[in-house]
Amino acid sequence: MTNEERFQKYIQENCKNCKNRKTDLCNIRISAIENIVRTKCEYYERED
């Protein structure tokens, strides 16, 4: 899976549940530590 595919998949699955989806608070980062690739948004807050 490429980083672009990871980015798009994160947007499809997580951004729809984020409390900040209608604001400019979005900073999705892809990092690899010890061969484990993580995709995470710095400002993600789950909407209840």
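For the structure itself, consult the block above.
None of these values were measured; they are calculated from a predicted model.

Peer 1: Explain the environment of C26 here, please?
Peer 2: For C26, the position within the fold is in the loop between helix 1 (3–14) and strand 1 (28–33). You can call C26 partly exposed: its relative accessible area is 49%. Not counting residues up to four positions away in its chain, the partners in contact with C26 are C41 and Y43.

Peer 1: Looking at this structure, I do not really get the pattern of salt bridges. What am I missing?
Peer 2: When their charged atoms lie close together, side chains carrying opposite charge are able to pair. Taken as a whole and assessed by the stated rule, the structure comprises 3 salt bridges. When the shortest N-O distance is used, the salt bridge between R21 and E47 registers 3.0 Å. One end of the pair, R21, is in the loop between helix 1 and strand 1; the other, E47, is in the segment after strand 2 (36–41), with 26 residues separating them in the sequence. Residue classification places E47 among the partly exposed residues on the basis of a relative accessible area of 38%. Its salt-bridge partner being E42, residue R29 comes within 3.1 Å of it at the nearest N-O pair.

Peer 1: Sorry if this is basic, but what is going on with unusual backbone geometry here?
Peer 2: Apart from glycine, the bulk of residues carry a negative phi angle, and the bulk of peptide bonds sit in the trans form. Unusually for a residue other than glycine, E34 sits at a positive phi of about 55°. By the secondary structure assignment, E34 is in the loop between strand 1 and strand 2. Look at N35: it is not a glycine, yet its phi comes out positive at around 65°. Assignment of secondary structure puts N35 in the loop between strand 1 and strand 2.

Here is what the cut-offs are and how they apply
- Residues numbered from 1 in each chain as written.
- Predicted model: local features only at pLDDT ≥ 70, side-chain atom pairs only at ≥ 80, totals over all residues.
- Heavy atoms only, no water.
- Helix = DSSP H or I, 4+ residues; strand = E, 2+ residues; numbered from the N terminus.
- Buried < 20%, exposed > 50% of the residue type's maximum accessible area, 1.4 Å probe, protein only.
- Contact = heavy atoms within 4.5 Å.
- Salt bridge = Lys/Arg side-chain N within 4 Å of Asp/Glu carboxyl O.

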